[in-house]
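One letter stands for each residue in the lines below.
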Amino acid sequence: QKEVEQNSGPLSVPEGAIASLNCTYSDRGSQSFFWYRQYSGKSPELIMSIYSNGDKEDGRFTAQLNKASQYVSLLIRDSQPSDSATYLCAARTGGFKTIFGAGTRLFVKA
Amino acid sequence: DAGVTQSPTHLIKTRGQQVTLRCSPKSGHDTVSWYQQALGQGPQFIFQYYEEEERQRGNFPDRFSGHQFPNYSSELNVNALLLGDSALYLCASSSPTAKGDTQYFGPGTRLTVL
């Protein structure tokens, strides 16, 4: 069973701090990885995609991929209360299926 | 640029009934994937349609079926509804020309089975 694992949280950080979200995946054939943000009652919104080992930065967000360790992370710098949401990690398998983790709930305290 | 649209927004059905959910992909996208998201869980892949064919399916029974039309829009049909089918149903569109086949989600259809 191919899986994506995330800590369910909640992860609580003060406003302005760095939030670190982690994810592991089981299928070594996965090549594409995604982070989505989901507010309560809403649909997932794409934050970033990453395909190569290393870091990828976009504004306050940095995604990190380590294929040898089968590990993906998302760092959110200068966290804001509006960042409070559930963050979903996803991995596309060797076929056309994308597998999602259960998500990590993040709370940013003002 | 129109995003992914889904209809209806909410739906209430009773056990044993059948339901059809609809999705229009983002402009320029030709691939549609359907997901089921139960409360507190991540989206679960149901199937993906491309060129009007189902090209991959997740671990869902045959009660779940779909269709893609020549204009790339898609339908998800669920027969013989069970209480456990209550969930948020999400449609995501993508284009194989986009790197990594990045998927963009519609607003979802909330299905309640009584």
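The following refers to the structure shown. Predicted, not measured: the structure shown is a model, and the values here were computed from it. (Residues numbered from 1 in each chain as written. Chains lettered and ligands numbered in written order. Predicted model: local features only at pLDDT ≥ 70, side-chain atom pairs only at ≥ 80, totals over all residues. Heavy atoms only, no water.)

## Thoughts on the overall build of chain B
From N to C terminus, chain B includes 0 helices and 11 strands. Helices and strands appear in chain B in the N-to-C order β-β-β-β-β-β-β-β-β-β-β. For a compact globule of 114 residues, the expected C-alpha radius of gyration is about 13 Å, and chain B comes in at 13 Å, within 12% of that figure. By residue count, 50% of the 114 residues in chain B fall in the buried class. Taking the intrachain contacts of chain B between residues at least 6 apart in sequence as the baseline, contacts between residues at least 24 apart amount to 54%. Approximately 5300 Å² of chain B is accessible, and the part contributed by carbon and sulfur atoms is 50%. Positive and negative side-chain charges of chain B, numbering 9 and 10 respectively, have mean locations separated by a distance of 10 Å. (Helix = DSSP H or I, 4+ residues; strand = E, 2+ residues; numbered from the N terminus. Rg over C-alpha atoms; globule rule 2.2 N^0.38 Å. Buried < 20%, exposed > 50% of the residue type's maximum accessible area, 1.4 Å probe, protein only. Contact = heavy atoms within 4.5 Å. Areas by Shrake-Rupley, 256 points an atom, 1.4 Å probe, with all protein chains shown as cover. Lys, Arg positive; Asp, Glu negative; His and termini not counted. Charge placed at Lys NZ, Arg CZ, Asp CG, Glu CD.)

## Remarks on the pattern of salt bridges
Residues and elements named next belong to chain A. Per the stated rule, a full pass over the model turns up 7 salt bridges over all chains. A salt bridge links glutamate 57 to arginine 77, with the nearest nitrogen and oxygen atoms 3.4 Å apart. Note that glutamate 57 is positioned in strand 6 (residues 54-58) and arginine 77 in the loop between strand 8 (71-76) and strand 9 (85-92), a separation of 20 residues in sequence. In this structure glutamate 57 comes out as exposed when scored by relative accessible area, which is 60%. (Salt bridge = Lys/Arg side-chain N within 4 Å of Asp/Glu carboxyl O.)

## Describing the side chain of B:Ser95
Within the element layout of this structure, B:Ser95 appears in the loop between strand 9 (87-94) and strand 10 (104-105). Every residue in contact with B:Ser95, bar those within four places of it in the chain, is listed here: B:Gly28, B:His29, B:Asp30 and B:Asp101.

## Notes on the interface of chain B and chain A
Listed as interface residues are 23 residues of chain B and, on the opposing side, 20 residues of chain A. Surface buried jointly by chain B and chain A totals about 1700 Å² across both partners, of which 54% is contributed by carbon and sulfur atoms. For the pair chain B and chain A, the interface holds 0 salt bridges. Of all elements in the fold, only strand 4 (31-37), strand 5 (44-50), strand 6 (53-57), strand 9 and strand 10 of chain B reach the threshold of two or more residues within the side of chain B that touches chain A. Residue composition of the side of chain B that touches chain A, grouped by class: 8 nonpolar, 12 polar and 3 charged. (Buried area = accessible area lost by both parts, 1.4 Å probe. Nonpolar A, V, L, I, M, F, W, Y, C, P; charged D, E, K, R; others polar.)

## Points about the sheet that holds strand 7 (residues 64-68) of chain B
Residues and elements named next belong to chain B. The strand order 1-3-8-7 describes an open sheet built from 4 strands, whose pairing is antiparallel. The open sheet has two edge strands with one neighbour each: strand 1 (5-7) and strand 7. For this sheet, the mean inter-axis angle between neighbouring strands, taken without regard to orientation, is 20 degrees. Of the strand pairs in this sheet, strand 3 (residues 19-24) and strand 8 (residues 74-78) are connected by 5 bridges, and their pairing is antiparallel. Paired with threonine 20 across the two strands is asparagine 77, which belongs to strand 8. (Pairing = 2+ DSSP bridges. Axes fitted to C-alpha atoms, helices over the stretch in contact; angles between N-to-C directions.)

## Structural notes on the nonpolar core
Ranked by size, the top nonpolar core spans 24 residues in total, and within it A:Trp35, A:Val72, A:Leu74, A:Ile76 and A:Tyr87 carry the most contacts. Of all the secondary structure elements, the ones that give two or more residues to this core are strand 3 (19-25), strand 4 (32-38), strand 5 (45-50), strand 7 (61-66), strand 8, strand 9 and strand 11 (104-109) of chain A. Counting residues in hydrophobic clusters, the runner-up holds 20 residues, among them B:Leu11, B:Leu21, B:Val32 and B:Val78. (Core = buried A, V, L, I, M, F, W, Y, C linked by side-chain atoms within 4.5 Å.)

## So, the pairing of strand 9 of chain B
Residue and element names in this part refer to chain B. Of all 8 residues in strand 9, 8 are buried, a share of seventy percent or more. Side-chain alternation along strand 9 places Ala87, Tyr89, Cys91 and Ser93 on one buried face and Leu88, Leu90, Ala92 and Ser94 on a second face that is also buried. Bridge count for strand 4 against strand 9 is 7 bridges, and the pairing is antiparallel. From the neighbouring strand, valine 32 faces strand 9, where its bridge partner is serine 93. Examined bridge by bridge, strand 9 and strand 11 (residues 109-113) share 3 bridges and lie antiparallel to one another. Residue pairing in the sheet places alanine 87 in a bridge with leucine 111 of strand 11. As judged from the 2 bridges shared by strand 9 and strand 10, these two strands associate in the antiparallel manner. The residue bridging alanine 92 from the neighbouring strand is phenylalanine 105, located in strand 10.

The values are spatial; any link to function lies outside them.
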